[in-house]
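Residue strings, one per chain:
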Amino acid sequence: MEPMENTRTAPAGTIFRRDFTLVVIGQIISLFGNAILRFALPLYLLRATGSSALFGMVTAVSFLPMIVLSLLGGVLADRVNKRNIMVALDFSTAALIAVFYLVLGKLPIVPLFTVMLMLLYGISGTYQPAVQASIPALVEGGGLMSANAVINAVNSLAGLLGPVLGGVLYGLWGIGPILMVSILCFFASAVMEIFIRIPHQPRAGGKGVFACVRQDLSESLRFVRREKPVFLKVIGIVAAFNLLLSSMMVVGIPVVVVKLLGRSDGELGLAQGALALGGLAGGLLTGLLGARLSMARAHRLLLFCALSVAGMGAVLGLGVSAFSGYLAVTLLSFFAMAVSTVFSVEMITAVQAGTPPQLVGKVMACLMTLAMCAQPVGQALYGVLFERFETAAWAILLAAALAAALLALCSKRVFRQL
């Protein structure tokens, strides 16, 4: 059996060791390329077709590979060197975008964009479990909450800069420069990740891929059912919340800003950048608060998210000017994302801390898959609703917020078990 790879030592309590720092830098570059691309492609489709229903349907279908392949990603993260997974997928993404750039304009737009988004989301679903599973291997237990907060902050920072810059580039020169920037980002990230050293203990092979997947997923689900059944309850709540609010914001924010309020591509970029800025603020806040946070009070965070969306619906329902409505949606999106990020970091840390190291990747993948499974349904549903009741978008927001608030209040007892 091969020995485990070594890492350089660092002072106790320090999370920014060499290899964790390289992971963070690689994430910054890769996630920025991802964010700018995920902003531009759906916007291009929405502008070209003008259909909210088609926009929601394509978004929903594109999300499905992430759900399926995140399971595979979890298995791979516990069986294959996590660095190799990250390097291979970033190089593959750069090549995929290059091919897309060459065929854009030569193939029908809807199927081309649908396939492209499905591939990108599928790669992301395979990629993220490797990152999440690498954190406990690179950071001491006492710094796990802070390390997760840093990764979330990096995700949010990339999500902030990506849409803002993407809106400017798209407004000035169209989608071409965005594709070129994304190719460079993924290629640079892959090169950076080659130098990361993540401890890896090879596991005995001999079985086919699907047999390994079935065995590993059975092992993780068996652990959750027997040892941590509360995890399933929490993920059920998160899945319902994704159905009600997360999917609504994915589809609703672009539709409201572009179609209802008639704002520019750059302003949409700023609105989606506000979402990411909220995530960054939430990640930084989580890192500062650390152990003072408690899952026993997590329902308050979900309730605050629901109230933020209710505020958006109320402002739009009052018939304010387009610019005032845009400002309200942007500001409240910031607050909603900040609070939801604090909740996400708390939940991920609780699962990581309560799971044996050899099961972290698989358990995280299983739980995240269950949490995401309702989101495509919500995205497709909200696309139809915004198409049919475009002038009453405020009512859709208020109804979603009310349902989410009731769910948050009902979740209090479950979160106390963590």
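Our structure's up above, just so we're on the same page.
Since the structure is predicted, the reported quantities are computational estimates derived from the model, not experimental observations.

Some points on the environment of Pro163
With respect to the helices and strands, Pro163 occurs in helix α5 (residues 144–173). Each C-alpha atom, one on Pro163 and one on Leu270, is 6.8 Å from the other, the two residues being 107 residues apart in sequence. When neighbours within four sequence positions are excluded, Pro163 is seen to be in contact with Ala35, Phe39, Ala158, Gly269, Gln272 and Gly273.

Section: the packing of aromatic side chains
Scanning the model with the defined rule gives 8 aromatic pairs in all. Taken together, a centroid distance of 6.5 Å and an interplanar angle of 90° make the contact between Tyr44 and Tyr170 edge-to-face. In this pair, Tyr44 sits in helix α1 (residues 18–49) while Tyr170 sits in helix α5, placing the two residues 126 residues apart along the sequence. Ring centres 6.4 Å apart and planes at 40° place the aromatic pair Tyr382 and Phe386 in the tilted group. Highlighted residues: Tyr382 and Phe386, both in helix α13 (residues 375–388), separated by 4 residues, approximately one helical turn. Here Tyr382 and Phe386 have matching classes, each one buried. An aromatic cluster is present here, built from Tyr44, Phe100, Phe113 and Tyr170 joined pairwise through their rings. Over the face of the ring belonging to Tyr326 we find Arg263, whose NZ or CZ atom lies 5.9 Å from the ring centre.

Considering a nonpolar patch on the surface
Side chains of Phe91, Phe187, Val191, Ile194 and Phe195 sit close together on the surface and give an oily, nonpolar patch of about 450 Å² of accessible area. Tracing the sequence through the fold places Phe195 in the loop between α6 (176–193) and α7 (209–227).

Quick look at the side chain of Thr126
With respect to the secondary-structure elements, Thr126 resides in helix α4 (residues 109–138). Not counting residues up to four positions away in its chain, the partners in contact with Thr126 are Leu69, Gly73, Leu76, Ile85 and Leu89.

Remarks on the pattern of salt bridges
Counted by the stated rule, this structure contains 3 salt bridges. Arg47 is the salt-bridge partner of Asp265, the closest N and O atoms lying 2.6 Å from each other. Placement of Asp265 in helix α9 (residues 265–289) and of Arg47 in helix α1 is noted, with a sequence separation of 218 residues between them. Using a relative accessible area of 14% as the deciding quantity, one classes Asp265 as buried. Notably, a salt bridge pairs Lys259 with Glu390, separated by 3.4 Å at the nearest N-O pair. Here Lys259 is found in helix α8 (residues 229–260), whereas its partner Glu390 is found in the loop between α13 and α14 (393–410), with 131 residues between them in sequence. What makes Glu390 partly exposed here is its relative accessible area of 25%.

What counts and how
- The numbers attached to residues start from 1 for each chain and follow its sequence in the written order.
- It should be noted that, the model being predicted, local features are given only for residues of pLDDT at least 70 and side-chain atom pairs only at 80 or more, the latter also being counted only at that level, while totals for whole chains, interfaces and linings use all residues.
- Excluding hydrogens and water, the side-chain values take into account all heavy atoms of the structure.
- The numbering of helices and of strands both runs from the N terminus, where a helix is a DSSP run of H or I of at least 4 residues and a strand a run of E of at least 2.
- Note on definitions: a residue-residue contact is assigned when non-hydrogen atoms from the two residues lie within 4.5 Å.
- Aromatic pairing here means that ring centres of Phe, Tyr or Trp (its six-membered ring) are within 6.5 Å. Orientation follows from the plane angle: under 30 degrees is stacked, over 60 is edge-to-face, and everything else is tilted.
- For every residue, the accessible area (1.4 Å probe, protein chains only) is compared with the maximum for its type, and the residue is labelled buried under 20%, exposed over 50%, or partly exposed between those bounds.
- Criterion for a charge above a ring: Lys NZ or Arg CZ within 6 Å of the ring centre, and within 35 degrees of the ring normal.
- Residues form patches when they are more than 30% accessible in relative terms and have no salt bridge. Like charges link within 9 Å. Nonpolar side chains (Val, Leu, Ile, Met, Phe, Trp, Tyr) link within 5 Å.
- Only the protein chains shown count as cover for residues, and the accessible areas themselves come from Shrake-Rupley with a 1.4 Å probe.
- Salt bridges are identified by distance alone: a Lys or Arg side-chain nitrogen within 4 Å of an Asp or Glu carboxyl oxygen.

Just distances and angles here, no functional claims.
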